[in-house]
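Reading the structure
Here is what each chain is made of, one letter per residue.
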Amino acid sequence: LIITSFIFYLFYINSYFSTYYVNIHYTIFLLVFQYIFKIFTFERDNMKNNRKPVFTGVCTALITPFRDGKIDFEALSGLIEFQIDGGVDALLINGTTGESATLTDAEKREIISFAVSEVGGRVPVIAGTGSNDTHKAVELTKFAYDVGADACLAVTPYYNKASEAGLIKHYE
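Summarised in this report is the structure supplied together with it. The model shown is predicted, which means the values in this text are computed figures rather than measured ones.

Moving on, we come to the sheet that holds strand S1 (residues 59-61). With parallel pairing, the four strands of this open sheet are ordered in space as S1-S4-S5-S6. Each edge of the sheet is formed by a strand with only one pairing partner; in this case those strands are S1 and strand S6 (151-153). Strand-to-strand twist in this sheet, taken as the mean axis angle between neighbours without regard to direction, amounts to 25°.

In structure tokens form, the structure reads like this:
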């Protein structure tokens, strides 16, 4: 439909403007078509790899409960059990709902370890490991993997405006 519409557009433009403008529009069309083709090729290639998703269904982003300025692990345990009993398909720990930007590195590690242990493989645990510091994000991601988290939630560095090359390096 997009291709047909654009070809019609080219013929319409051709009747009113010079060939120069049509060539510019045609070049833009080819670039857009190549981009769309790459997206579909990427999706097809990923499907060929038979990658299974970490989960399908509902994933709850848990809060981090506090009592007297410290993480309330008893309340966190209750939240985890409540969600699993309710039928969630995965749990997200240390996401932005879990106040991750205000937690210390030690607290983040404690929460991830606790959650993985508490869940005990009943549902996948996705650990929020993002940071505006690439080095810290990599360290926390490795830690989450080592303690048994099923996946990580990585974010683009916040507060830092990275170039395109910088973003690629961050995720590599």
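Now for the pattern of salt bridges. Applying the stated criterion to the full structure yields three salt bridges. With its nearest N and O atoms 3.2 Å apart, the salt bridge here joins Asp72 to Arg67. Take Asp72: its relative accessible area is 12%, and that puts it in the buried class. Judged by its relative accessible area of 57%, Arg67 is exposed. Where Glu81 meets Arg122, a salt bridge forms, and the shortest distance between an N and an O atom there is 2.7 Å.

Turning next to helix H4 (residues 105-119). Between its first and last C-alpha, H4 extends 21 Å over 15 residues, near the 21 Å set by a 1.5 Å rise per residue. Within H4 the residues assigned to the buried category are Glu107, Lys108, Ile111, Ile112, Ala115, Val116 and Val119. All buried residues of H4 lie within an arc of 160° about the axis, which places them on one face of the element. On its buried face, H4 is in contact with strand S2 (66-67), strand S3 (70-71), helix H3 (73-85), strand S4 (90-93), strand S5 (125-128) and helix H5 (134-147).

Scoring rules and cut-offs
- Residues numbered from 1 in each chain as written.
- Predicted model: local features only at pLDDT ≥ 70, side-chain atom pairs only at ≥ 80, totals over all residues.
- Heavy atoms only, no water.
- Pairing = 2+ DSSP bridges.
- Helix = DSSP H or I, 4+ residues; strand = E, 2+ residues; numbered from the N terminus.
- Axes fitted to C-alpha atoms, helices over the stretch in contact; angles between N-to-C directions.
- Salt bridge = Lys/Arg side-chain N within 4 Å of Asp/Glu carboxyl O.
- Buried < 20%, exposed > 50% of the residue type's maximum accessible area, 1.4 Å probe, protein only.
- Expected span 1.5 Å × (residues − 1).
- Arc of directions from axis to C-beta.
- Contact = heavy atoms within 4.5 Å.

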